[in-house]
Amino acid sequence: TYEKTWLAVAMVLIVGFIATVTYGAVGPGIAMIDDDGGSIDPDTINDDERFSETGVTHVGGNEYEANIVAQAWSYSPSEITVPANSEVTFYVTSRDVTHSFTVVGTNINTMVVPGEVSQMTAEFDEPGEYGILCNEYCGEYHHTMEGKLNVV
Ligand code: CUA
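Before going into details, it helps to say that this report is about the structure given with it. (Residues numbered from 1 in each chain as written. Predicted model: local features only at pLDDT ≥ 70, side-chain atom pairs only at ≥ 80, totals over all residues. Heavy atoms only, no water.)

1. Describing the side chain of Ser 94
Here is step 1 of the chain: Counting through the fold element by element, Ser 94 comes out in strand β6 (residues 86–94).
Here is step 2 of the chain: Separated by 3.1 Å, the side chain of Ser 94 and the backbone nitrogen of Asp 96 make a polar contact.
Here is step 3 of the chain: A polar contact of 2.6 Å, which involves the side chain of Ser 94, links it to the backbone oxygen of Val 97.
Here is step 4 of the chain: For Ser 94, the contacting residues outside a window of four places in its chain are Pro 42, Ile 45, Ala 70, His 99, Val 112, Val 113, Pro 114 and Gly 115. (Helix = DSSP H or I, 4+ residues; strand = E, 2+ residues; numbered from the N terminus. Polar contact = N/O pair within 3.5 Å; in protein donor to acceptor, adjacent residues only side chain to side chain. Contact = heavy atoms within 4.5 Å.)

Structure representation (structure tokens):
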């Protein structure tokens with residue numbers, strides 16, 4: 001009957017919709033956990049062991065740590081590279097005003113507030129190149145605040 005046909009069509013649409021939403025939430029090979037990285041005094045960022053040397057550190061196995069400081073109008077470091085099939089925990093803080101740390105094409109998108117450490121863990125399965133940008137208005141050169149993430 002027509003009713004059964006329409007029911008089947010509706011089911012297909014619902015399953016398709018759920019699949020789309022799930023895929024959109026996870027992104028291309030990227031799963032993430034958002035955490036609170038705690039607080040930090042913006043004046044003593046350089047004394048914190050996570051930020052005294054910014055950049056990527058191999059923690060063990062497939063685990064990496066990326067320590068990044070945002071400051072008007074750049075990220076330190078501006079370019080980071082991690083291997084494919086890695087799990088990366090990002091620790092990001094700000095030296096001055098509120099910025100964001102947004103990796104374009106992924107669901108990594110966090111506010112970066114002075115005095116706080118934003119912490120996220122993401123898995124990168126496939127090699128790729130991602131733009132990093134600030135989508136929180138942070139002053140005159142906000143639009144130039146960008147970086148790059150390489151998965152190799
Ligand atoms: Cu930093 Cu906008």
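2. Considering unusual backbone geometry
Here is step 1 of the chain: Cis geometry is found at the peptide bond from Ala 72 to Trp 73, where omega equals 0 degrees.
Here is step 2 of the chain: Looking at the secondary structure, you find Trp 73 in the loop between β3 (63–71) and β4 (74–76).
Here is step 3 of the chain: Cis rather than trans, the peptide bond between Ser 76 and Pro 77 has omega equal to -5 degrees.
Here is step 4 of the chain: Note on placement: Pro 77 falls in the loop between β4 and β5 (79–82).
Here is step 5 of the chain: The phi dihedral of Asn 85 is positive, around 60 degrees, even though this residue is not glycine.
Here is step 6 of the chain: With respect to the element layout, Asn 85 can be found in the loop between β5 and β6.

3. Topic: the packing of aromatic side chains
Here is step 1 of the chain: Counted under the stated rule, the structure contains five aromatic pairs.
Here is step 2 of the chain: Seen in terms of ring centroids, Phe 90 and Phe 101 are 5.5 Å apart; in terms of plane orientation they differ by 45 degrees. Their pairing is tilted. Here Phe 90, found in strand β6, pairs with Phe 101, found in strand β7 (residues 99–103); they are eleven residues apart in sequence, far enough to count as distant.
Here is step 3 of the chain: Note on Phe 101: relative accessible area 1%, which makes it buried. (Phe/Tyr/Trp six-rings, centres within 6.5 Å; stacked < 30°, edge-to-face > 60°. Buried < 20%, exposed > 50% of the residue type's maximum accessible area, 1.4 Å probe, protein only.)

4. A look at the sheet that holds β5
Within a sheet, neighbouring strands are paired by backbone hydrogen bonds and run either parallel or antiparallel to one another.
Here is step 1 of the chain: Strand order across the open sheet formed by five strands is β5-β11-β10-β7-β8, with mixed pairing between neighbours. Edge strands, defined here as strands with exactly one partner in the open sheet, are β5 and β8 (109–112). Averaged over all neighbouring strand pairs, the angle between strand axes comes to 20 degrees, with direction disregarded.
Here is step 2 of the chain: One ladder, built from four bridges, connects β7 with β8; its direction is antiparallel. By the bridge assignment for β8, Ser 100 is matched with Met 111. (Pairing = 2+ DSSP bridges. Axes fitted to C-alpha atoms, helices over the stretch in contact; angles between N-to-C directions.)

5. A few points about the pattern of salt bridges
Here is step 1 of the chain: Taken as a whole and judged by the stated rule, the model has two salt bridges.
Here is step 2 of the chain: Across the pair Arg 50 and Asp 48 runs a salt bridge whose closest N-O atoms are separated by 3.4 Å.
Here is step 3 of the chain: Residue classification places Arg 50 among the buried positions, given a relative accessible area of 19%. (Salt bridge = Lys/Arg side-chain N within 4 Å of Asp/Glu carboxyl O.)

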